[in-house]
Amino acid sequence: MKVLGIETSCDETGIALYDSDTGNMINLLHSQIGIHNEFGGVVPELASRDHIRRVIPMIRDAMQDAGVARRADGIAYTSGPGLIGALLVGVAVGRSLAYAWDVPAVGIHHMEAHLLAPMLEDDPPEYPFLALLVSGGHTQLMQVDRPGEYILLGESLDDAAGEAFDKIAKLLGLDYPGGPAISALAESGDPHRFTFPRPMTDRPGLEFSFSGLKTHVVNVFKETSMDDQARADIARAFVDAAVDTLTIKCRRAMEETGISTLIAAGGVSANRQLRQNLADMVSQRGGRVFYPRPEYCTDNGAMIAYAGYLHLTAGRSEPLGFAAYPRWSLVASG
Ligand code: KG4
Ligand code: ZN
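Residues numbered from 1 in each chain as written. Chains lettered and ligands numbered in written order. Predicted model: local features only at pLDDT ≥ 70, side-chain atom pairs only at ≥ 80, totals over all residues. Heavy atoms only, no water.

Caption draft 1: Region of interest: the coordination of the zinc ion (ligand 2). With distances of 2.0 to 2.1 Å, the protein atoms coordinating the zinc ion (ligand 2) are H110 (NE2), H114 (NE2) and D299 (OD). One chain supplies every donor to the zinc ion (ligand 2), and in sequence these donors are spaced H-x3-H-x184-D. Note that H110 is positioned in helix α4 (residues 110–116) and D299 in the loop between α10 (294–297) and α11 (302–313), a separation of 189 residues in sequence. H110 gets classed as buried once you look at its relative accessible area, which sits at 6%. (Donors = N, O, S within 2.8 Å, 3.2 Å for Na, K, Ca; no water. Helix = DSSP H or I, 4+ residues; strand = E, 2+ residues; numbered from the N terminus. Buried < 20%, exposed > 50% of the residue type's maximum accessible area, 1.4 Å probe, protein only.)

Caption draft 2: Structural context of helix α5 (residues 161–171). Of the positions making up α5, those classed as buried are A161, G162, A164, F165, I168 and A169. All buried residues of α5 lie within an arc of 160° about the axis, which places them on one face of the element. Next to the buried residues of α5 lie β6 (129–134), β7 (139–146), α6 (178–186), α7 (211–223) and α8 (228–257). One or two positions beyond α5, positive phi appears at G173, with a value near 80°. (Arc of directions from axis to C-beta. Contact = heavy atoms within 4.5 Å.)

Caption draft 3: Structural view of the packing of aromatic side chains. Under the defined criterion, the tally for this structure stands at eight aromatic pairs. Here the aromatic rings of Y18 and Y306 are separated by 5.9 Å at their centres, their planes lie at 75°, and the arrangement is edge-to-face. In this pair, Y18 sits in strand β2 (residues 12–19) while Y306 sits in helix α11, placing the two residues 288 residues apart along the sequence. When its relative accessible area of 11% is taken as the criterion, Y306 is described as buried. The structure contains a cluster of three or more aromatic residues connected by ring pairs, namely Y18, Y306 and Y309. (Phe/Tyr/Trp six-rings, centres within 6.5 Å; stacked < 30°, edge-to-face > 60°.)

Caption draft 4: Examining the sheet that holds strand β5 (residues 105–109) more closely. Within the open sheet, the five strands sit side by side as β3-β2-β1-β4-β5. Their pairing is mixed. For this open sheet the edge positions go to β3 (25–31) and β5, each flanked by a neighbour on one side alone. This sheet shows a mean twist of 20° between the axes of neighbouring strands, independent of strand direction. In terms of strand pairing, strand β1 (residues 2–7) meets β2 through six bridges, oriented antiparallel. Across the sheet, the residue bridging to E7 is G14, located in β2. Each of β1, β4 (74–80) and β5 is contacted by helix α3 (residues 84–101), which is oriented at about 155° to β4, the strand it contacts most. (Pairing = 2+ DSSP bridges. Axes fitted to C-alpha atoms, helices over the stretch in contact; angles between N-to-C directions.)

Caption draft 5: View of α7. Between its first and last C-alpha atoms α7 spans 19 Å; for 13 residues at 1.5 Å apiece the expected length is 18 Å, and the two agree. Taken together, the buried positions of α7 are L213, K214, V217, V220 and F221. The arc that holds the buried residues of α7, viewed along the axis, is 125°, so those residues lie on one side. Exposed residues lying more than 90 degrees from the buried face of α7 are K222 and E223. Where the residues of α7 are buried, they touch α5 and α8. (Expected span 1.5 Å × (residues − 1).)

Caption draft 6: How the structure looks around the environment of W328. Considering the arrangement of structural elements, one finds W328 in the segment after α11. The spatial distance from the C-alpha of W328 to the C-alpha of P57 is 29 Å, given a sequence separation of 271 residues. The contacts of W328, once residues within four sequence positions are left out, are S79, G80, P81, I108 and H109.

This is how it looks when you write it as C-alpha cells:
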C-alpha cells in the first residue's frame, strides 16, 4: 500500500510517500526557518501562505521520486494540534486529493505520529513502551500499550520543553529555532559555573514545569556580566537542567510502570545531550531506549504517512468534509 503523508501543522511542509510493501519512504521537507527567523518565532499567517505555495509541487515531486504515476492508495494529513491556518492547508489539499483520486483519507494526530516514528527504524521497539514526547508545543510522558492505546502519565503544567529551549535561546541572542543553537553553544560552556533548578523533581509525580526554570535563567542572565563565555556557561547550565529533569522523570516512569523500553520523540529528542543521558540511565536499568533518526524527530511527512498507513489498514478513514483541531488531546479525558 502506498500512503501519501502531508504535514503542515507549523513551520515545516513535510510530504512523504510510504510504500508498506517495500518499506521505501520518500520524505521531502521544506523548512520555513528563513521566513520566520527575523521575527524570532513563527508568524502563523506567513506559515499558512508558504504551505499553500509548497504543498502541491512537493506532492508532485514525491510522486515522481517514488515512481508513482497516477495516485497513492491512501492519504494521511495532520489534522491537529497546530496552527489552524497551517493545518487547514494540508487537511484541505489532502482530503480534496483523496476525493479526486477516489482513495481513503485519514486525519492524523501530530503527537501520535511523533510517538510512532521510532517504528520506522530497522530495529523498532516492542510494545509496550514508554514515550517521552518533547516538542515545541508538548512535553508528555505516555505509556504506549499498542498503536491507539495511550495512557498519559504526565505532562507539562506550563511551557513545553522545546518552548523553554527557544525562549532561553532568544534571551542569549541565538536564532530561531533555538534548540539546536543552544545545544551547540552549551558544548563550550563550563558545567560548574551555574547550577539551575530541576523543576518538580523533588516531589513525587510525573508532571513537568519549565516556566520557573526559565524565570531563574532570566534572573541569572540579568545579574551576570555577559560575554561569549558567560552565554555559553548559561546555555550549558540550562541544557544540563532541562536534560536532567527529563531524564529523572523518565526514570521514575520506568520505575512506576515496570516498563523497561523507552522511546523519545519530537524535536527536542534530536538533542545530543538528552540522547546520551537517556541512554546512560536506561542502560543502567537494563532497559533499551529508541530514537527516530534526527530527520524523523523534528516535524516531517514520513511519520504522518506511517501513522496513516496504520490507521488506514485498521479500517479507519474520514467521510467527505474535513476538520482541523488546533488543540486536540491524544488521550480521552476524564
Ligand atoms: O517536533 P518539532 O519539530 O515541532 C513541534 O511539533 O513543535 O519540535 C520543535 C522544537 C523546537 O522548540 C526546537 O527548538 C526543538 O524542537 N529542537 C531542539 C533540537 N532540535 C529541535 N531542542 C533541543 N535540541 C535540539 N537539537
Ligand atoms: Zn512536532
